[in-house]
Amino acid sequence: MKRLLILLTLTTALVSCQKNLKADDVHATADLIITHAKVAVMDNKRTVAEAIAVKDGKIFKTGSTAAILELKSADTKIIDANGRTVIPGLNDSHLHLTRGGRFYNAELRWDGVKSLKRALEMLKEQAERTPKGQWVRVIGGWSPYQFVENRFPTPEEINAATGDVPTFVLYLYSRGWLNQAGLTALGIDENTQAPEGSSFEKDAEGNLTGVLLAEPNPGILYARIGSLPPLNKAEMVNGTKQFYRELNRLGITSGIDAGGGGHKFPKDYIGTKALAEAGEMPIRLSYYLFPQNKGAEYAEFQQWMANNKVGQNSDIHLDHGYELEGGGEFLAWSVGDFENFLAPHPC
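An account of the accompanying structure is given in this report. (Residues numbered from 1 in each chain as written. Predicted model: local features only at pLDDT ≥ 70, side-chain atom pairs only at ≥ 80, totals over all residues. Heavy atoms only, no water.)

Some details on the pairing of strand β11 (residues 167-171)
Among the five residues in β11, five count as buried, and that is most of the element. Both faces of β11 are covered, namely the face carrying T167, V169 and Y171 and the face carrying F168 and L170. When strand β10 (residues 136-139) meets β11, the two strands line up parallel, connected through four bridges. Across the sheet, residue V136 finds its bridge partner in β11, namely T167. Handedness of the crossover joining β10 and β11 through helix α5 (residues 155-162): right-handed. Where β11 meets strand β12 (residues 175-178), four bridges bridge the pair, whose relative direction is antiparallel. Pairing of Y171 across the sheet is with R175, part of β12. Between β11 and the antiparallel strand that follows it, β12, lie three residues; L172 among them carries a positive phi value of about 45°. (Buried < 20%, exposed > 50% of the residue type's maximum accessible area, 1.4 Å probe, protein only. Helix = DSSP H or I, 4+ residues; strand = E, 2+ residues; numbered from the N terminus. Pairing = 2+ DSSP bridges. Right-handed = clockwise from strand over helix to strand, strands pointing away.)

Brief notes about the layout of surface pockets
The probe, sized like a water molecule, is rolled over the atoms to show the empty space still left. Put simply, the largest pocket is a space of about 780 Å³. Around the largest pocket sit 24 residues that line it, and G100, R109, I139, G141 and F243 are the ones nearest its centre. Elements with a minimum of two residues in the lining of the largest pocket: β9 (90-95), α3 (97-102) and α8 (233-249). Considering each element in turn, the lining of the largest pocket owes the most residues, four residues, to α8. Here the lining of the largest pocket is composed, by residue class, of 13 nonpolar, five polar and six charged. (1 Å grid on protein atoms, 1.4 Å probe; cavity = no way out; pocket = protein on both sides within 12 Å on 5 of 7 lines; lining within 4 Å. Points joined across faces, edges and corners; volume = space filled by probe spheres on them. Nonpolar A, V, L, I, M, F, W, Y, C, P; charged D, E, K, R; others polar.)

Encoded structure:
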């Protein structure tokens, strides 16, 4: 049985955009028609239609395949869904989209990998193709419970797989692993002080293992993400587009960006801004600004308010799919909770 999902990247949900044909619309034709589908109209009756017509980027009619095909012209694009389901694009109300796209092309993803053995093989393959001056990066998206081995990788396994290529592996905001080459590249040794509420793990002899622990302060992990070598503008733009296309593949066509630690506005927003200015956003995005410096939040907000307006950013309008909404996720670090739910709650 085919279970593929066709997703409509349109401006609003089906029910809110659908228009009844008026007398002066009798000769209207569709730009796009999808037939032989299961169209979730999203009305109160939970209507499922067979076909859908789109004009000027908006849905104006749903119905049977025969009825909707009456709206076609020589220029209408026809897609036969072959019984697949068609739904409106999904909105994710809390993502870190601009940050996710920033390094996407440099990341190794373990999403869906079923064994730690295969994950370590992928780590080795990534190290072999990583250009000099760059790092191997696994930035979240996995869990030890997805592996048949049901455990974390060991520092020894990570070092064996990556050799002299600096590597950072992140698990949630709970812990991370730096291989020996990564520790050396960042100048971290046994005397390096970790942020309060986090630590560098050491073995019985007092040597660093490369494991970074958020207990529960994730600042030690944010700092590592922020210290990794940057990509150039073209690489960030391409990676951002690929990341947003991946979100499209999973059904997400719009999202709210909550900012995030280790990600500074505006310098780290280059990829998304460039796509928006070019009118090439694969996703609609509204974003909130996250102060990065504990104790200096007010000064950061003052600077942002002096140079930006809510509802726009550098004259990029919402039509480009990129809109500034205000301050978000953290307004002040002193009242923030930490994400490591494996560690005791801070008192």
